[in-house]
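# Structural features, examined
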Amino acid sequence: MAELATPAGFEFIGQSLGLDVEQLAAQQCGCECQGPCSLEASCPCCQRNSLGQPLYDGAGRLLALVHGAQMADTIFECSPQCSCNAQCANAVTQRASRARLRLVQVPGKGLGVVTVGPLPAGTFVSSYVGEYITTEEAQRRLQQYDVAGQGHALLVVREVLPSGGTSLRVNIDATRKGNLARFFNHSCDGGNLELITVRHLGALLPRAAFFARKDVPPDQELTFAYAGMQYMLASLPQGHQTPALGPQGAAAAQVPAWASSHMRTYDVCR
């Protein structure tokens, strides 16, 4: 399959736009580690993770996925404000992905993304880049897209907060501006990608990052489940309260535990 040029009406961007996800982080302090960040070194960023082990191996692969474990939690990395350097082993998703990908025409689907080389399980593939928008704006755009009869790439991530009874809704619209992750297609069997939310100290909103769920050979299409894995969705109490992110803060609204079928919706635990 031949690689395609930039689709008409779409703009590739390197980082998300809209709500400033780094604004609060710039006012915070990070860890003060002078050597490699690790649990053994009592790095406070590493200690925030619930896995009880390092996040990544020496090759930068997410260890939970290397071992075939299911991921339902937000992961915490070191931040740009930490004393450790930019090559910190606990900041994999904040560096450019080494995954070699190309945009192609997939028979029966339209545009899609395939691998150029192999991707071992746990490899960081890409962040989901687009426009961070409020829930009100997301609803307005969905109506607009429906009226126009066009497809969209509005990803809705619901991050379940530690209390278990509330979740933070984050809307990332990559319909017109985004990166290659905007063209990852849906797979009913869960696909070969795992979408995981990533935070670092002081970040106002989580970022959405894709990792290889399993070993992916060359020339394989990259896919994920738009509605998330059922074990994640089933863990949410029916009718749980979801703060709707807006300019004046979070206002509570009742939402069903199961995602709407016309959105790319993913639920994770923090």
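None of these values were measured; they are calculated from a predicted model.

Scanning the model with the defined rule gives 10 salt bridges in all. The salt bridge involving E137 is made with R140; its shortest N-O contact spans 2.8 Å. Here R140 and E137 lie together in helix α3 (residues 135-148), a separation of 3 residues that amounts to about one turn. Given the relative accessible area of 42%, R140 is considered partly exposed. With its nearest N and O atoms 2.8 Å apart, the salt bridge here joins E137 to R141. Residue E137 and its partner R141 are located together in helix α3, separated by 4 residues, close to a single helical turn. Overall, R141 belongs to the buried group, its relative accessible area being 10%.

Another aspect to go through is the packing of aromatic side chains. Given two aromatic rings, their pairing is described by the distance between the two centres and the angle made by the two planes. Per the stated rule, a full pass over the model turns up 8 aromatic pairs. Judged by centre distance (5.1 Å) and plane angle (85°), the ring pair of F184 and F210 falls under edge-to-face. Of this pair, F184 sits in the loop between β10 (177-178) and β11 (185-186) while F210 sits in strand β13 (residues 207-212), placing them 26 residues apart in sequence. Each member of the pair F184 and F210 is classed as buried. For the pair F210 and F224, a centre-to-centre distance of 4.8 Å together with 65° between the ring planes defines the contact as edge-to-face. With F210 in strand β13 and F224 in strand β14 (residues 223-224), this pair connects stretches of sequence that are 14 residues apart. The class of F210 is buried, set by a relative accessible area of 0%. On the basis of relative accessible area, F224 is assigned to the buried category, the value being 1%. An aromatic cluster is built from Y128, F184, F210 and F224, whose rings are joined through pairwise contacts.

The subject of this paragraph is the environment of G68. Looking at where G68 falls in the secondary structure, it is placed in the loop between α2 (63-66) and β3 (75-77). Among the residues examined, G68 registers a relative accessible area of 59% and is labelled exposed. Sequence separation between G68 and G122 is 54 residues, and the spatial gap between their C-alpha atoms is 8.9 Å.

Counting buried residues in strand β12 (residues 193-200) gives 8 out of 8 residues, a clear majority hidden from the surface. Of the two faces of β12, the one holding L193, L195, T197 and R199 and the one holding E194, I196, V198 and H200 are both buried throughout. Bridging between β3 and β12 involves 3 bridges; their strand directions are parallel. Across the sheet, the residue bridging to F76 is R199, located in β12. Note that β12 and β13 share 6 bridges and pair antiparallel. Looking at the pairing, L195 lines up with F210 of β13. With antiparallel pairing between neighbouring strands as the criterion, β12 and β13 make up a hairpin whose turn holds 6 residues, including G202 at a positive phi of roughly 85°.

So, on to the environment of V160. Here V160 is to be found in strand β8 (residues 154-160). Sequence spacing of V160 and T74 is 86 residues, and the spatial spacing of their C-alpha atoms is 9.0 Å.

The next point concerns the environment of V170. Mapped onto the fold, V170 is located in strand β9 (residues 167-173). Overall, the relative accessible area of 2% leaves V170 in the buried class. Residues V170 and P206, spaced 36 residues apart in sequence, show a C-alpha to C-alpha distance of 8.0 Å. Apart from residues no more than four positions distant in its own chain, V170 is found in contact with Y132, L155, V156, V157, L205 and P206.

Right, let's get into the sheet that holds β13. Across the sheet, 4 strands lie side by side as β3-β12-β13-β6; this open sheet has mixed pairing. Both edges of this open sheet fall to β3 and β6 (124-127), since each of them pairs with a single strand only. The mean inter-strand angle of the sheet, taken between neighbouring strand axes irrespective of direction, is 40°.

Bringing the nonpolar core into the picture now. Core analysis: the largest hydrophobic core is formed by 29 residues, its most contacted members being V125, Y128, F184, F210 and L222. Residues in contact with L222, not counting those within four places in the same chain, are L101, V113, T115, L119, V125, F184, N185, N192, L193 and V216. M71, V92, F124 and A209 belong to the second-largest nonpolar core, a separate cluster that totals 13 residues.

Definitions and cut-offs
- Residues numbered from 1 in each chain as written.
- Predicted model: local features only at pLDDT ≥ 70, side-chain atom pairs only at ≥ 80, totals over all residues.
- Heavy atoms only, no water.
- Salt bridge = Lys/Arg side-chain N within 4 Å of Asp/Glu carboxyl O.
- Helix = DSSP H or I, 4+ residues; strand = E, 2+ residues; numbered from the N terminus.
- Buried < 20%, exposed > 50% of the residue type's maximum accessible area, 1.4 Å probe, protein only.
- Phe/Tyr/Trp six-rings, centres within 6.5 Å; stacked < 30°, edge-to-face > 60°.
- Pairing = 2+ DSSP bridges.
- Contact = heavy atoms within 4.5 Å.
- Axes fitted to C-alpha atoms, helices over the stretch in contact; angles between N-to-C directions.
- Core = buried A, V, L, I, M, F, W, Y, C linked by side-chain atoms within 4.5 Å.

Structural measurements only, silent on function.
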